[in-house]
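# Secondary and tertiary structure notes
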Amino acid sequence: MIDASAAPLPAKRPVLLFACFGVNQELWLRWLRHHGPDIEIRVWPQIGLASEIDYVLAWEVPDGFWAQFGALKAIFSLGAGVERLLLDKDIPVGVEIVRMEDPSLEPAMAEYVLLHVLHHHRDMGRYAADQRQRLWRPAASPLASERTVGILGLGRLGRACAELLVTLGFDVRGWSRTANPMSGVTAFVGPGELDDFLSRCEVLVCTLALTPQTRGILDLALFRRLPKGALLINVGRGGHLNEPDLTTALDEGCLAGAVLDVLSAEPPPQDHPFWSDPRIAITPHISAPTRPQTAAQTVIAKIDRIERSAPVSGVVNRSQGY
Ligand SMILES: NC(=O)c1ccc[n+]([C@@H]2O[C@H](COP(=O)([O-])OP(=O)(O)OC[C@H]3O[C@@H](n4cnc5c(N)ncnc54)[C@H](OP(=O)(O)O)[C@@H]3O)[C@@H](O)[C@H]2O)c1
């Protein structure tokens, strides 16, 4: 059926430049071509005439990269987080930056967070340690409804985590910059409600965007406002965490443990103390990987909408930083 409201596609084939490093390029190109047979896809550094390029799909581009493009219609970020792109002073002003909204991210993140919440909730770390010492020490566990999990950031990923935890009966609270009402979740907004939010979080999950306001937010002052013995799960960005403060908080006992999927340097240097700290579990940024199969489809669908002058979701607000 023809959608009469949609504007016809212009005659020129849109040109998308793939400029992503450190990813499986072959797989990405296969899926971009599969979903966008009518789009011309060029691959950095074989860009041809830069003035012909309409869109760039970017990840970790080299210095000075953006200077050559004159007529971009949009820049797509290969990742959900756009903090690195925004730090690039050369990125053209006035061109919309569109973040990745791969539908695979939410269920994967919710699954990862649930795994670690349950592990902590049922004290599995202690039982594993007991087994190694041939100890048989049963203890009562609280019900999920007696366990408070706080989520910093109720965006796409935070909401997916909250939804799943609510389904299992956890007492879930969330904190965000603007009001984000959600059924079953106690909502807290802005710096003025942060203390109140933290005061009951036995598990604290960070799914915040990384901006100048949230960089380093996970610091000792914040950890001291949690109930003693809380668990930190950071799946946002390494820049949210003050790493030396985490060790101090664990030593002081305000935190019992931490699960870190993201770190300030990835991978961390071999002599980084977190590798060998039994109170800290680290994983190599795998909680919610972008999947080319589904992500390529969303990029192509957004190009199609822009070509038809229709609005797209995921446009970054540069002044807010996410
Ligand atoms: N580990 C991984 O594999 C992985 C994968 C994908 C993404 N990520 C990271 O996960 C994080 C969340 O991604 P997302 O897609 O859910 O992002 P999102 O939809 O943009 O949500 C970001 C959340 O942060 C909140 N926020 C931003 N600044 C704030 C501030 N100053 N004070 C309070 N709240 C603030 C926003 O509040 P409002 O709702 O009020 O706007 C929003 O709820 C990002 O850091 C992203 O880079 C990690």
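Up top is the structure.
Residues numbered from 1 in each chain as written. Predicted model: local features only at pLDDT ≥ 70, side-chain atom pairs only at ≥ 80, totals over all residues. Heavy atoms only, no water.

## Remarks on the site of the ligand
Going by this rule: If even one non-hydrogen atom of a residue comes within 4 Å of a molecule or strand, that residue is called near it. Two N or O atoms form a polar contact when they lie within 3.5 Å of each other; inside protein one atom must be a possible hydrogen donor and the other a possible acceptor, and for residues adjacent in sequence the pair counts only when both atoms belong to side chains. Put simply, DSSP marks the helices as runs of H or I at least four residues long and the strands as runs of E at least two long, and each gets a number from the N terminus on. Following the grouping adopted for this structure description, the nonpolar residues are Ala, Val, Leu, Ile, Met, Phe, Trp, Tyr, Cys and Pro, the charged ones are Asp, Glu, Lys and Arg, and the polar ones are all others, Gly among them.
Around the ligand, 29 residues are found, and the nearest of them are Arg99, Thr178, Asn180, Leu208 and Tyr322. In this structure, Asp261 approaches the ligand through a side-chain N or O atom, which is 3.0 Å from a nitrogen atom. In this structure, an oxygen atom belonging to the ligand sits 3.1 Å away from a main-chain N or O atom of Ala288. The set of elements that each furnish at least two residues to the shell around the ligand consists of helix H5 (156–167) and strand E7 (171–176). Counted by class, the shell around the ligand contains 12 nonpolar, 12 polar and 5 charged residues.

## Quick word on the nonpolar core
Worth spelling out the cut-off: Note on terminology: a nonpolar core comprises buried Ala, Val, Leu, Ile, Met, Phe, Trp, Tyr and Cys residues joined through side-chain atoms within 4.5 Å. Three labels apply to residues, based on accessible area from a 1.4 Å probe with only protein chains included: buried if under 20% of the type maximum, exposed if over 50%, partly exposed otherwise in between. We call two residues in contact when some of their heavy atoms are within 4.5 Å.
Within the largest apolar cluster, 29 residues are counted, with the highest numbers of intra-cluster contacts made by Leu204, Leu218, Phe223, Leu232 and Leu246. Secondary-structure elements contributing two or more residues to this core are helix H6 (194–198), strand E9 (203–206), helix H7 (220–223), strand E10 (230–234), helix H8 (243–252) and strand E11 (255–260). Once residues lying within four places of it in the same chain are set aside, the contact partners of Leu232 are Leu204, Leu218, Phe223, Leu241, Leu246, Leu255, Gly257, Ala258, Val259 and Leu260. Leu114, Ala144, Leu157 and Phe170 belong to the second largest nonpolar core, which has 25 residues in total.

## Topic: the sheet that holds E11
Hydrogen bonds between backbone groups are what pair the strands of a sheet, and the pairing can be parallel or antiparallel. To keep things clear, this is the line we draw: In short, DSSP must find at least two bridges between two strands for them to pair. Orientation is described by axes fitted as lines to C-alpha atoms, over the contacting stretch for helices, and by angles from 0 to 180 degrees between their N-to-C directions.
Strand order in the open sheet formed by 7 strands is E8-E7-E6-E9-E10-E11-E12, and the pairing between neighbours is parallel. Looking at which strands have only one partner, the edges of the open sheet turn out to be strand E8 (185–189) and strand E12 (280–282). Taking each pair of neighbouring strands and ignoring which way they run, the sheet shows an average axis angle of 15°. Where E9 lies against E10, 4 bridges are found, and the strand directions are parallel. Following the sheet pairing, Val203 is matched in E10 by Leu231. Across the sheet, helix H3 (residues 105–121) is in contact with strand E6 (148–152), E9, E10 and E11; its angle to E10 comes to roughly 165°. With respect to the sheet, H8 is in contact with E10, E11 and E12, its orientation differing from that of E11 by roughly 145°.

## Considerations on the environment of Gly239
Along the polypeptide, Gly239 turns up in the loop between E10 and H8. Separated by 13 residues in the primary sequence, Gly239 and Leu226 place their C-alpha atoms 20 Å from one another. Contact partners of Gly239, with chain neighbours within four places excluded, come to Leu210, Arg215 and Gly216.

## As for the pattern of salt bridges
For clarity, the cut-off: Throughout this description, the term salt bridge denotes a Lys or Arg side-chain nitrogen within 4 Å of a carboxyl oxygen of Asp or Glu.
All chains considered together, the criterion is met by 20 salt bridges. Of the charged contacts in the structure, one is a salt bridge between Arg237 and Glu83, with a shortest N-O distance of 2.7 Å. Residue Arg237 is located in the loop between E10 and H8, and its partner Glu83 is located in helix H2 (residues 83–87); the two are separated by 154 residues in the primary sequence. Both residues of the pair, Arg237 and Glu83, count as buried. The closest approach of N and O atoms between Arg156 and Glu106, which form a salt bridge, is 2.7 Å. Of this pair, Arg156 sits in helix H5 while Glu106 is found in helix H3, placing the two residues 50 residues apart along the sequence. With a relative accessible area of 33%, Arg156 lands in the partly exposed category. The class of Glu106 is buried, set by a relative accessible area of 16%. Where salt bridges share partners, they join Lys12, Asp54, Lys73 and Glu307 into one cluster.

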